[in-house]
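Examination of the molecular architecture
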Amino acid sequence: MTNPVEVTHQGPKPKHVAIIMDGNGRWAEARNRPRAFGHQEGVKSTREIVEVGVEYGLEALTLFAFSSENWQRPKKEVDLLMGLLQRSLKKESPELARNNIRVRFIGDMSAFSDVLAEQIQKTELDTTHNTGLNLTIALNYGGRWDITQAVRQIAQEVERGTLTLQQIDGDVMAKHVCLADVPDPDLFIRTGGEYRVSNYLLWQLAYTELYFTPVYWPDFRREQFLEALAEFPKRQRRFGLTGEQASRKNFA
Ligand code: IPE
Ligand code: IPE
Ligand code: MG
């Protein structure tokens with residue numbers, strides 16, 4: 001964590017950035033290399049983006065690493081991704097801890113091997129008292145799963161009698177979906193050139209500014225991230241109001 005980021009833009013900075021790290025496979029295929037090579041290079045980008053996130057002073061950074069749909073890929077690729085995840089977490093955890101980063105995971109953790117599940121727990125535990133960047137890694141995550149698990153918890157509270165039907169509103173939902181303790185993402189970035197959300201943070205992205213880039217994830221580094229961050233203050237967030245109302249409110 002040496003090079004200070006040159007923050008040149010003015011205006012509001014995003015507090016929470018959510019990223020779909022896409023394009024590893026195509027990056028490798030374009031080089032006539034196996035997809036695995038792209039995933040390995042992608043880890044380097046992830047490292048750099050977290051570093052820049054810390055220097056920039058982000059409050060939260062949420063990264064999509066493996067979706068609930070990615071299990072349908074060939075077993076060889078799934079196994080490779082699981083191994084890479086486990087090894088990367090093991091290798092990076094001490095530095096994440098030293099840099100005051102609080103790491104957490106969202107998604108259905110019941111599906112992972114014991115080794116990976118233990119590493120996930122260890123990384124969370126080792127960084128649990130940190131007060132800097134809230135780094136969330138979405139693993140076996142799906143936005144529909146997230147909303148469904150929230151509804152299930154709420155239904156259980158109604159069944160127990162601790163919540164009434166009338167009390168269920170957007171705020172109650174927001175408290176039960178993942179990432180309840182960080183602000184909703186201000187900026188969404190998807191690399192790899194696809195214009196879709198792919199079942200990421202469906203509830204939380206309601207008013208997020210969307211940024212798409214054709215750059216494949218292994219090539220998405222400091223410069224590309226800063227470019228995306230610099231796009232944010234150029235947007236006017238209106239949350240349903242008129243432009244004039246919104247400028248008076250000065251939404252960050
Ligand atoms: C993103 O890259 C990583 C994961 C989904 C795990 P991809 O593997 O989806 O790369 P492309 O989209 O096939 O190029
Ligand atoms: C989204 O990428 C999931 C992750 C980056 C982990 P995908 O590559 O799985 O998305 P689709 O299949 O192109 O929609
Ligand atoms: Mg992809």
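Everything numeric here is computed off the predicted structure, so don't read it as measured data.

Attention now goes to the nonpolar core. In this structure, Val17, Ile19, Leu61, Leu135, Ile189 and Phe225 are the most contacted members of the largest nonpolar core, which totals 36 residues. At six residues, the largest contribution of residues to this core is made by helix α3 (residues 75-98). Apart from residues lying up to four places away in sequence, leucine 61 is in contact with His16, Val17, Ile19, Ile49, Val50, Leu133, Asn134, Leu135 and Thr136. Ile20, Phe64, Leu201 and Leu205 belong to the second largest nonpolar core, which has 14 residues in total.

Once that is clear, we can look at the sheet that holds strand β5 (residues 187-190). Read from one edge of the open sheet, six strands run β3-β4-β2-β1-β5-β6, paired in parallel fashion. Edge strands, defined here as strands with exactly one partner in the open sheet, are β3 (102-106) and β6 (209-212). In this sheet, adjacent strand axes meet at a mean angle of 20° when their direction is disregarded. Examined bridge by bridge, strand β1 (residues 16-20) and strand β2 (residues 60-67) share five bridges and lie parallel to one another. The residue bridging isoleucine 20 from the neighbouring strand is phenylalanine 64, located in β2. Packing against the sheet, helix α2 (residues 35-56) makes contact with β1, β2 and β4 (134-141), and its axis sits at approximately 165° to β2. Each of β3 and β4 is contacted by helix α4 (residues 114-126), which is oriented at about 140° to β3, the strand it contacts most.

Moving on, we come to the site of ligand 2. Every residue close to ligand 2 is listed here: Ile20, Met21, Asp22, Phe64, Ala65, Phe66, Ser67, Asn70, Arg73, Arg190, Arg196 and Ser198. At 2.9 Å, a side-chain N or O of asparagine 70 approaches an oxygen atom of ligand 2. Arginine 73 has a polar side-chain atom sitting 3.3 Å from an oxygen atom of ligand 2. For ligand 2, whose unbound accessible area comes to 390 Å², protein coverage reaches 79%. Here the shell around ligand 2 gets four residues from one element, more than from any other, and that element is β2.

Helix length check: helix α5 (residues 143-160), at 18 residues, gives a terminal C-alpha distance of 26 Å against a target of 26 Å (1.5 Å per residue), a fit within 8%. Within α5 the residues assigned to the buried category are Gly143, Asp146, Gln149, Ala150 and Ile154. Projected onto a plane normal to the axis of α5, the buried residues spread over an arc of 135° and lie on a single side. Structural note: α5 exposes Arg144, Arg152 and Glu159 on the side pointing more than 90 degrees away from its buried face. Buried positions along α5 lie against β4 and α6 (170-176). Just beyond α5, the residue with positive phi is glycine 161, at close to 90°.

Quick notes on the rules
- Residues numbered from 1 in each chain as written.
- Chains lettered and ligands numbered in written order.
- Predicted model: local features only at pLDDT ≥ 70, side-chain atom pairs only at ≥ 80, totals over all residues.
- Heavy atoms only, no water.
- Core = buried A, V, L, I, M, F, W, Y, C linked by side-chain atoms within 4.5 Å.
- Buried < 20%, exposed > 50% of the residue type's maximum accessible area, 1.4 Å probe, protein only.
- Helix = DSSP H or I, 4+ residues; strand = E, 2+ residues; numbered from the N terminus.
- Contact = heavy atoms within 4.5 Å.
- Pairing = 2+ DSSP bridges.
- Axes fitted to C-alpha atoms, helices over the stretch in contact; angles between N-to-C directions.
- Near = heavy atom within 4 Å.
- Polar contact = N/O pair within 3.5 Å; in protein donor to acceptor, adjacent residues only side chain to side chain.
- Areas by Shrake-Rupley, 256 points an atom, 1.4 Å probe, with all protein chains shown as cover.
- Expected span 1.5 Å × (residues − 1).
- Arc of directions from axis to C-beta.

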